Amino acid sequence: MGERLIHLVGGVPLEAREVFDLAGASFGPLAKRLPDGEKKRGWLRPQAPIIGRAAGMNPGGIARYLHMTNQRYRPAPGQDLSAIDFGSLGYLAAARESYALFAAARAAGKIAPRTRFQISVPTPFGVMGHCIDLDVVRDVWPLYERQLFAEIKAIAREIPPADLAVQWDIAVEITQSLDNPNGSMREFGEGELAAGIARALDCLPANVEGGIHLCYGDAGEDKHYVNPRDMGVMVAVHNAIAARARHPIAWVHMPVPK
């Protein structure tokens, strides 16, 4: 079969073994990549306590949106930013465990040959929008970005590049900056955000597939945080990323209102 017809966006609320068993049996060779679910590593929320535990980080404000709240953090007064080390972010450990299950399932014939193992990761800016006081986002962003990219590169050293696909989930950029008139991060423009996503793509080794998911969030009740008014913002963001990234964009996902 020369063409793979199915892409799973990645936010599967199951354990990795369940995803591989279910998707492998259901889609066979039609899916070029299979994600490892989100049960093991979560998405944005598990990053907040990791950031909060880092030496030099203090509790900040409380973010409230829709029915949810979360603790934000900020550097301690007078803190040397270069000395902040967030340590393990959990993505390497989760990928290591999930890939072992993936490889075993593929070896057992439950997953089609040449299918890639897909991890879906929030962008550094997305984590900032969730975890960091907004007035210090630009201070902390490069520190967290450095750690996340190092962890993604470590994953790419452990998993054969031909087996790996990384999807960057672009949600906060959309729902708080670019396509929500009431968003809390409107000061961050398309160029700055696209440059950050291009850096995320470019941290991937050449043979690792990189894709982007332009996400309008999940506000609960199976609804978007905000609905896209049309495809214009998504197309513009994709084009801005593509103009800056050296690494090829293997796929792009754009949602529509349900």
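This is a predicted model, so every value here is computed, not measured.

(A) Just the overall build of the protein, in detail. Within the protein one finds eight helices and seven strands. Over its C-alpha trace the protein gives a radius of gyration of 18 Å, about what one expects of a compact globule, namely 18 Å for 258 residues. The principal-axis extent of the C-alpha atoms belonging to the protein is close to 55 × 40 × 35 Å. When the 258 residues of the protein are sorted by exposure, 50% land in the buried category.

(B) Summary view of the state of the cysteines. For the structure on display, the rule yields zero disulfides. Cysteine 131 takes part in no disulfide bond, and the closest cysteine sulfur to it belongs to cysteine 215, at a distance of 16 Å. The class for cysteine 215 is buried, based on a relative accessible area of 14%.

(C) Expanded view of the nonpolar core. Counting residues in each nonpolar core, the largest one holds 73 residues, and the members touching the most others are Ile51, Phe86 and Trp168. Looking at this core element by element, the count peaks at eleven residues for helix α5 (residues 137-158).

(D) Spatial organisation of unusual backbone geometry. A positive phi is found at arginine 114, a non-glycine position, where the angle reads about 70°. Here arginine 114 shows up in the loop between α3 (91-107) and β4 (116-122).

(E) Inspection of the sheet that holds strand β5 (residues 164-170) at higher detail. Taken together, five strands build an open sheet; the order of strands is β1-β4-β5-β6-β7 and the sheet is parallel. Of all strands in the sheet, those bounded by a partner on one side alone are β1 (33-35) and β7 (251-253). Neighbour-to-neighbour, the strand axes of this sheet turn through a mean angle of 25°, independent of strand direction. Pairing analysis gives six bridges linking β4 to β5, with the strands arranged parallel. Looking across to β5, one finds that phenylalanine 117 is bridged to leucine 164.

Cut-off values and rules
Residues numbered from 1 in each chain as written. Predicted model: local features only at pLDDT ≥ 70, side-chain atom pairs only at ≥ 80, totals over all residues. Heavy atoms only, no water. Helix = DSSP H or I, 4+ residues; strand = E, 2+ residues; numbered from the N terminus. Rg over C-alpha atoms; globule rule 2.2 N^0.38 Å. Buried < 20%, exposed > 50% of the residue type's maximum accessible area, 1.4 Å probe, protein only. Disulfide = S-S within 2.5 Å. Core = buried A, V, L, I, M, F, W, Y, C linked by side-chain atoms within 4.5 Å. Pairing = 2+ DSSP bridges. Axes fitted to C-alpha atoms, helices over the stretch in contact; angles between N-to-C directions.

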